[in-house]
Amino acid sequence: MAFLPILRLVVLITCTVFAVIVLGLSAHLTSLSEESLGGYFVFAAMAIAAAALTIITLPAMVGIDFVRRGAFTSMVLVELIWVFVLWVLWIAAAGLAAQEQQFVFGEGNSCNYINTDLATACHEFGAIEAFSFLTWIVLMGYNITLLVYALIGANRGNKTWTSSVGDGLLMSRGEPVPVTPMSTGGDYSHTAPSMQYPPQQQPQWTGQSNHTPMTAQV
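About the criteria used
- Residues numbered from 1 in each chain as written.
- Predicted model: local features only at pLDDT ≥ 70, side-chain atom pairs only at ≥ 80, totals over all residues.
- Heavy atoms only, no water.
- Axes fitted to C-alpha atoms, helices over the stretch in contact; angles between N-to-C directions.
- Helix = DSSP H or I, 4+ residues; strand = E, 2+ residues; numbered from the N terminus.
- Parallel < 35°, antiparallel > 145°, perpendicular 65-115°, else oblique.
- Left-handed = near helix turned anticlockwise from the far one by under 90°.
- Nonpolar A, V, L, I, M, F, W, Y, C, P; charged D, E, K, R; others polar.
- Expected span 1.5 Å × (residues − 1).
- Contact = heavy atoms within 4.5 Å.
- Phe/Tyr/Trp six-rings, centres within 6.5 Å; stacked < 30°, edge-to-face > 60°.
- Buried < 20%, exposed > 50% of the residue type's maximum accessible area, 1.4 Å probe, protein only.
- UniProt positions renumbered as here; feature names shortened; annotations may be inferred.
- Salt bridge = Lys/Arg side-chain N within 4 Å of Asp/Glu carboxyl O.
- pLDDT = per-residue confidence, 0-100.
- Core = buried A, V, L, I, M, F, W, Y, C linked by side-chain atoms within 4.5 Å.

A short note on the packing of helix α1 (residues 3-36) against helix α4 (residues 116-155)
Any two packed helices are characterised by the angle at which their axes cross and by the distance between the axes.
Next up, step 1: Interaxial distance between α1 and α4 falls to 9 Å at its minimum, and their mutual angle equals 155 degrees. Taken together, the axes of α1 and α4 are roughly antiparallel relative to one another. Like other packed secondary-structure pairs, α1 and α4 cross with a definite hand, here left-handed.
Next up, step 2: Here the residues of the contact of α1 with α4 sort into 22 nonpolar, six polar and three charged.

Below you can see the structure in the form of structure tokens.
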């Protein structure tokens, strides 16, 4: 199996797992903030949206690619655009989480609070920020790798933008198929046996005509 399809499968599954973790943490943090503060944090809402889109779309892309080859969701151009949208959402969620954590809990806070809800919220801030940054890095790295492969394949004359990742983006489809040369009695005589045809029998001329001359009767 080629490198790029394996990388794609690992990246999509890993990001889906990270998204499930972030979704659970963000939902619990939102519940705590609604109970304690009567509101929610913007970064938590952003993280929930990014995680929900990731959980819905990435497993669907993997499943559809296994069930139906050449589907619209498996096209390289579609995948590049959608993965780009996802990692932009994840970097936005991670940046907002880092900013909000510094504003609420201060820089370098160890989350040693007597109130258990406050300590839990402090730990969830850090976890959401960390997993959001990890998901962004993984998706962006895969996005750049896929773009490089697609550009190299397009430069070699392949229709990479409308093909799927498993179609071999770097293979040059314009190269001729090698053909074993037939023997002509020269240097290639050892590669293929020469074909012998029986000599054709040529008609022999005896100088006598077999036709009987016609006589005219008066």
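Next, the rest of the story.
Considering α4
Next up, step 1: An ideal rise of 1.5 Å per residue puts 58 Å on 40 residues; α4 measures up with 58 Å between its terminal C-alpha atoms.
Next up, step 2: Immediately downstream of α4, the backbone of Gly157 shows phi near 95 degrees, a positive value.

A look at the environment of Ser26
Next up, step 1: Looking at the element boundaries, Ser26 is found in helix α1.
Next up, step 2: For the pair formed by Ser26 and Ala45, sequence separation is 19 residues and the distance between their alpha carbons is 7.5 Å.
Next up, step 3: Sequence-distant contacts of Ser26, that is, excluding residues within four places in its chain, are made with Ala44, Ala47, Ile48 and Ile128.

Notes on the packing of aromatic side chains
Next up, step 1: Using the criterion set out here, one finds seven aromatic pairs in the structure.
Next up, step 2: Residues Phe41 and Phe125 carry aromatic rings whose centres are separated by 5.0 Å and whose planes lie at 80 degrees to one another, so their mutual orientation is edge-to-face. Here Phe41 is found in the loop between α1 and α2 (42-67), whereas its partner Phe125 is found in helix α4, with 84 residues between them in sequence. Like Phe125, Phe41 is buried.
Next up, step 3: Centre to centre, the rings of Phe43 and Phe125 are 4.8 Å apart; their planes meet at 55 degrees, and the pair counts as tilted. Of this pair, Phe43 sits in helix α2 while Phe125 is found in helix α4, placing the two residues 82 residues apart along the sequence.
Next up, step 4: Classification of Phe125 by relative accessible area gives buried; the value is 0%.

Comments concerning the UniProt feature "transmembrane region" (unreviewed entry) in the chain
Next up, step 1: Under the UniProt annotation, the feature "transmembrane region" (unreviewed entry) is placed at residues 7-28, 40-64, 76-98 and 133-152.
Next up, step 2: The span residues 40-64 carries 92% helix and 0% strand; its end-to-end C-alpha distance comes to 36 Å.

Points about the pattern of salt bridges
Next up, step 1: Overall, the coordinates contain two salt bridges when judged by the stated rule.
Next up, step 2: A salt bridge links Glu79 to Arg8, with the shortest nitrogen-to-oxygen separation between them at 2.9 Å. Of this pair, Glu79 sits in helix α3 (residues 76-104) while Arg8 is found in helix α1, placing the two residues 71 residues apart along the sequence.
Next up, step 3: One continuous salt-bridge network, built from bridges that share partners, spans Arg8, Asp65 and Glu79.

Some remarks on the packing of α2 against α3
Next up, step 1: Viewed as axis vectors pointing N to C, α2 and α3 meet at an angle of 155 degrees, and their least axial separation amounts to 9 Å. On the basis of the axis angle, α2 is roughly antiparallel to α3. In this structure, α2 meets α3 at a crossing whose hand is left-handed. Along the contact surface, α2 presents Val42, Phe43, Met46, Ala47, Ala50, Ala51, Leu53, Thr54, Thr57, Leu58 and Met61, while α3 presents Glu79, Trp82, Leu86, Leu89, Trp90, Ala92, Ala93, Leu96, Ala97 and Glu100.
Next up, step 2: A per-class count over the contact of α2 with α3 returns 17 nonpolar, two polar and two charged.

Some words on the confidence of the model for the chain
Next up, step 1: Here the chain averages 78 in pLDDT, while 73% of its residues score no lower than 70.
Next up, step 2: Below a pLDDT of 50 lies the segment residues 174-184, which in the model reaches nine contacts outside its immediate sequence neighbourhood of four places, other chains included.
Next up, step 3: In this model, residues 211-218 is a region of pLDDT below 50 whose contacts with residues beyond four sequence positions or in other chains number zero contacts.

Concerning the nonpolar core
Next up, step 1: Within the largest apolar cluster, 36 residues are counted, with the highest numbers of intra-cluster contacts made by Leu29, Phe43, Trp90, Leu139 and Leu146.
Next up, step 2: Mapped onto this core, the elements with two or more residues apiece are α1, α2, α3 and α4.
Next up, step 3: With nine residues, the top contributor of residues to this core is α4.

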